[in-house]
Amino acid sequence: MHEAIGMITTAGTEKNPGAGINSWGVTVMITKLKALTVASLLLLLAVCTATIAGPNATVRGEATYRERLAVPPGAQLEVVLLDVSRAGAPAQVIGSVTLSDIGQPPYRFEIPYLTEHIVASHRYSVRATLTHQEQLLFTTDQTYPVITAGNPTEVQLLLRRVGARGPASAPGADRDDHGCMRSAGYSWCAREAKCVRPWELAKEKGFASSEEAFRAFCAGTR
């Protein structure tokens, strides 16, 4: 019986001597295809992750004011991270956060931003405005540098009441020739014939939030 089985096995091998080699080759091919599939999936995952990546850093802090006043219900605080590298030009918005129905101070905030938007040689600062029904109530009136040049990523902001005269400020010192309040981020736009905040106008009109785009729009060349 055993001899018969051995004869059959030998005969099968002699009839198809390449069967073992072919089987090994198929196994190798399947293994390579599996490895290629896994590599492709990992690459696709990496691309998708890069595509949907959001802000990966924050500037945080606290904003308050000294006046013994209660803000009305529904007031909101907007805190903006700006690139202020170019003197005399509208600042470029890097990130912002708006806190709604804020109640009474102090106000904690976090501004998300992308680190790849930060240039080591540029200057960045944080600005805040407190409004109620689009009326400006409080604003920062000094520069709060952050991120580069050894500056921190956490700041304490002091808001000043709009219309209140500071001890070292001359009347109208905070406004330009058109009456636009620079400390609150306003610049004159001839096309709109009013003071606007460049990043808000960019969002409303659909152009890029940059100095060049703002100037082109307000000059009517865009």
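If you're wondering where the values come from, they're calculated on a predicted model, not measured in any experiment. (Residues numbered from 1 in each chain as written. Predicted model: local features only at pLDDT ≥ 70, side-chain atom pairs only at ≥ 80, totals over all residues. Heavy atoms only, no water.)

Q: Any chance you could explain the state of the cysteines here in plain terms?
A: One way to say it: the disulfide is the covalent bond shared by the sulfur atoms of two cysteines. Tallied over the entire structure, the rule returns 2 disulfides. Each sulfur of the disulfide joining Cys-189 and Cys-218 lies 2.1 Å from the other. On the S-S bond that ties Cys-189 to Cys-218, the torsion sits near -110°, and the link is left-handed. A residue pair is termed long-range when its members are at least 10 positions apart, and Cys-189 in strand E9 (residues 187–189) and Cys-218 in helix H4 (residues 211–219) qualify at 29 residues. Under the relative-accessibility criterion, Cys-189 is labelled buried at 0%. On the basis of relative accessibility, which here comes to 9%, the residue Cys-218 falls in the buried class. The connectivity of the disulfides in the chain is 1-3, 2-4, where the numbers refer to bonded cysteines in sequence order. (Disulfide = S-S within 2.5 Å. Helix = DSSP H or I, 4+ residues; strand = E, 2+ residues; numbered from the N terminus. Buried < 20%, exposed > 50% of the residue type's maximum accessible area, 1.4 Å probe, protein only.)

Q: It is not clear to me how unusual backbone geometry should be interpreted in this structure. Could you clarify?
A: Most peptide bonds take the trans configuration, and most residues that are not glycine carry a negative phi. Between Pro-105 and Pro-106 the backbone carries a cis peptide bond, its omega angle lying at 5°. Tracing the chain through its elements places Pro-106 in the loop between strand E3 (92–99) and strand E4 (107–113). Unusually for a residue other than glycine, Asp-101 sits at a positive phi of about 45°. Along the polypeptide, Asp-101 turns up in the loop between E3 and E4. Positive phi is not limited to glycine here, since Ala-149 has a value of about 55°. Its place among the elements puts Ala-149 in the loop between strand E7 (145–146) and strand E8 (154–161). Judged by its relative accessible area of 76%, Ala-149 falls in the exposed class.

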